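Descriptive structure summary
Residue strings, one per chain:
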Amino acid sequence: MYDLMFRDALVIDGSGTEPYRANVAVFGDRIAFIGREDISRAKVIIDASRFVLTPGFIDMHTHTDLQVLRDRDMKAKLHQGILTDVSGNCGIGVFPNSSEALHIAVEDVLGTYDAWSWKTYSDYKRTLLSGGIGINEIFLASHSALRYAALGSEAGRTATDREREAMCEMLDSLMNEGIRGFSTGLYYSPCLFADENELAALLSVVRSHDGIFAVHHRCEGDDVIASLAEVLSLAEKNNVRLEISHLKAIGKANQEKVPKMLEMIEAARSRGLDVQADQYPYSYGSTSLFSLLPPRILSLSRLEQRLALSLEWERANLKDEMMHPSSWDSVYEMVGPEDIRIIYLESHNEYQGLSLAEIGKERGTDPLDALFDILSEEPGLAVMSDVTQSDESLRLIMKHPLVSFGTDALYSSPMPHPRSYHSTVEYISRYVLKEHVMALPEAVRKMTGLNADKLRLKDRGYIREGYVADILLFSPEKLGESGNDNTGFEAVLLAGKPQLMNGKWNYTRSGKIL
């Protein structure tokens, strides 16, 4: 007897092919049967005739390394049908845990956590699994953590030969433990200080394990073409599988570059490079407010940054650098103070939701001085949102067959970007049903099978007999947002265990580290 059967479901199996009607039965943690036979021997039978049945969604790009400890049930992900996360992205991660410097460096993206009790990845896994986790987690080795472990407090410089060797040894050990790949954020400190020799050495380790190289590349704005060429060349020279994180072009003047970017990716693919990309379904992003500052300032400690921002002559230099950047992305210059808004500031709650232009006006100064004042006064979290791209560019990237789904979810502040709670609903309800950017089977492929294939998951991402029963049952037309929750989901199964059934959530914490 089967444990559970969905009767007469419209199955969208994750491959992108046309939907079909079938009965889908689950036994234990596996999909045991798919067919039209009218099987009644099941402990629970669900009439699924009014719903679609899909694999659980896989988030290719997220930042839940600490959120999974703060909310072990992972409600923000479960409630949008995401059953597998890929964390450690943008070179931002939590192991090896070498020093307080790492904790400070990652907190604007990952948030704070009081009990950094682990040192190694093995320790971190034990910490996670000791209390159970609400979804599956996949981890990438993060460049920042490797640099802090090898270079200590001097991570904002080029590594020596010995330090480079130490990073490679750590990366090799991590990948032997099951880490799926390596991520870097060449836009962020301290990753941006890595030279080509360091990156090539690390990628040789990734190649030896057939891992994936996920990269937030150096410039997504004015120099996006050169920046994209850099990572494509790195991947080709070192023969590694490349995942370009949250593909986009930032700034109104750079939207015309998107077709060229896609052509470059296609050309590299035709030359034999296994290159793909991911994207979140919003035209505005979110990250650390400090990331607006030039790289030379980001290499300093927070205390040194505060001193620099208090000096009038240094402020004059900073203004010039930010308005006339050279070889780095000045998001301030590309986006403008009107389209950069405060999501959260620990020391200035009164500015929440205001743009830098509005804050400057309120303080009686220009927006850049207002920004410098805020950052010099802020000892804690500082998170912003910024309008990065046009809707037209977002759609063009979204429908490309090599681009899959990710949320880029951040949970570092009490007021996160809506992508952290509603990305899957936005993806389907807006871009599939309303704007018809792609058909639902293709959207589901980008959220399930395509990501499973990238990650070399052998028994997940598809509705197939013998595969793990990570299953969603939902009504596409009823998907919607409700506060930090979502509507439209009828059933959610994680490895065959109901997390949502009959309108009630049941948090079993049966997730695994894959």
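In what follows, the accompanying structure is described. Only a predicted model underlies this, so the values are computations on that prediction, with no experimental measurement involved.

Attention shifts here to the packing of helix H9 (residues 258–270) against helix H16 (residues 391–398). Packing of H9 against H16 leaves a shortest axis separation of 10 Å and a crossing angle of 15°. On the basis of the axis angle, H9 is roughly parallel to H16. Helix-helix and strand crossings are classified by hand; for H9 and H16 the assignment is right-handed. Across from Val258, Pro259 and Leu262 in H9, the residues of H16 making contact are Ser393, Leu396 and Ile397. Residue composition of the contact of H9 with H16, by class: five nonpolar, one polar and no charged.

The next point concerns helix H11 (residues 302–310). Those residues of H11 lying buried are Gln305, Ala308 and Leu309. Buried positions in H11, seen along its axis, are confined to an arc of 95° and lie on one side of it. Residues Leu303 and Leu307 are exposed on H11 and point more than 90 degrees away from its buried face. Considering only its buried residues, H11 is in contact with helix H10 (295–298), helix H12 (312–323) and helix H15 (367–377).

A separate point is the sheet that holds strand E13 (residues 275–279). The strand order E9-E10-E11-E12-E13-E17 describes an open sheet built from six strands, whose pairing is parallel. Lying at the two open borders of the sheet, with one neighbouring strand each, are strand E9 (141–142) and strand E17 (403–405). By the bridge criterion, five bridges tie strand E10 (residues 181–185) to strand E11 (residues 212–216) in an arrangement that is parallel. Directly across from serine 183, in E11, lies its bridge partner alanine 214.

Core analysis: the biggest nonpolar cluster contains 130 residues, and Tyr124, Leu171, Leu242, Leu247, Leu289, Leu292 and Leu371 have the highest contact counts within it. With sequence-adjacent residues up to four places away left out, leucine 247 is seen in contact with Met261, Leu262, Ile265, Ala277, Asp278, Gln279, Ile397 and Val403. Counting 22 residues, the second largest nonpolar core, distinct from the first, contains Phe6, Ala22, Ala491 and Leu493.

What the three strands build is an open sheet, ordered E6-E7-E8; its pairing is parallel. Sheet topology places strand E6 (57–59) and strand E8 (136–139) at the edges, where each strand pairs with a single neighbour. Each neighbouring strand pair of the sheet contributes to a mean axis angle of 20°, computed without reference to strand direction. Note that strand E7 (residues 82–87) and E8 share four bridges and pair parallel. Across the sheet, serine 87 pairs through a bridge with phenylalanine 139, a residue of E8.

A word on the pattern of salt bridges. All told, the structure shown has 39 salt bridges when counted by the stated rule. We note a salt bridge from aspartate 8 to arginine 36, for which the minimum N-O separation is 3.2 Å. Residue aspartate 8 is located in strand E1 (residues 2–11), and its partner arginine 36 is located in the loop between strand E3 (30–35) and strand E4 (42–47); the two are separated by 28 residues in the primary sequence. Note on aspartate 8: relative accessible area 25%, which makes it partly exposed.

Before going further, it helps to examine the side chain of histidine 400. Relative to the elements of secondary structure, histidine 400 occurs in the loop between H16 and E17. Note on histidine 400: relative accessible area 10%, which makes it buried. Within the structure, the side chain of histidine 400 is placed 2.7 Å from the side chain of glutamate 266, a separation counted as a polar contact. Setting aside its immediate chain neighbours within four residues, histidine 400 contacts Leu262, Glu266 and Lys446.

Regular strands place side chains that alternate from one sheet face to the opposite one. Residues of strand E12 (residues 241–244) alternate between two faces, with Arg241 and Glu243 on one and Leu242 and Ile244 on the opposite face, all of them buried. Bridge count between E11 and E12: four bridges; the pairing is parallel. Bridge pairing in E12 links phenylalanine 213 to leucine 242. For the crossover that starts at E11, traverses helix H8 (residues 224–238) and ends in the parallel E12, the hand is right-handed. Crossover connection from E12 via H9 to parallel E13: handedness right-handed.

Note that isoleucine 138 resides in strand E8. Here the alpha-carbon distance between isoleucine 138 and leucine 4, two residues 134 residues apart in the chain, equals 27 Å. If we skip the residues at most four places from it in the chain, isoleucine 138 touches Thr84, Asp85, Val86, Ser87, Arg180, Leu455, Leu457 and Leu514.

Another aspect to go through is the packing of aromatic side chains. For the coordinates displayed, the defined rule picks out 18 aromatic pairs. For the pair phenylalanine 95 and phenylalanine 139, a centre-to-centre distance of 5.9 Å together with 80° between the ring planes defines the contact as edge-to-face. Within this pair, whereas phenylalanine 95 is found in the loop between E7 and helix H3 (100–110), its partner phenylalanine 139 is found in strand E8, the two being separated by 44 residues in sequence. Note on accessibility: phenylalanine 95 and phenylalanine 139 belong to one class, buried. Feature note: the residues Phe95, Tyr113, Trp116, Trp118, Tyr121, Tyr124 and Phe139 constitute an aromatic cluster, connected by ring pairs. Across from the ring centre of tyrosine 462, 3.9 Å away, lies the NZ or CZ of arginine 464, which sits over that ring.

The rules we used
- Residues numbered from 1 in each chain as written.
- Predicted model: local features only at pLDDT ≥ 70, side-chain atom pairs only at ≥ 80, totals over all residues.
- Heavy atoms only, no water.
- Axes fitted to C-alpha atoms, helices over the stretch in contact; angles between N-to-C directions.
- Helix = DSSP H or I, 4+ residues; strand = E, 2+ residues; numbered from the N terminus.
- Parallel < 35°, antiparallel > 145°, perpendicular 65-115°, else oblique.
- Left-handed = near helix turned anticlockwise from the far one by under 90°.
- Contact = heavy atoms within 4.5 Å.
- Nonpolar A, V, L, I, M, F, W, Y, C, P; charged D, E, K, R; others polar.
- Buried < 20%, exposed > 50% of the residue type's maximum accessible area, 1.4 Å probe, protein only.
- Arc of directions from axis to C-beta.
- Pairing = 2+ DSSP bridges.
- Core = buried A, V, L, I, M, F, W, Y, C linked by side-chain atoms within 4.5 Å.
- Salt bridge = Lys/Arg side-chain N within 4 Å of Asp/Glu carboxyl O.
- Polar contact = N/O pair within 3.5 Å; in protein donor to acceptor, adjacent residues only side chain to side chain.
- Right-handed = clockwise from strand over helix to strand, strands pointing away.
- Phe/Tyr/Trp six-rings, centres within 6.5 Å; stacked < 30°, edge-to-face > 60°.
- Lys NZ or Arg CZ within 6 Å of the ring centre and 35° of its normal.

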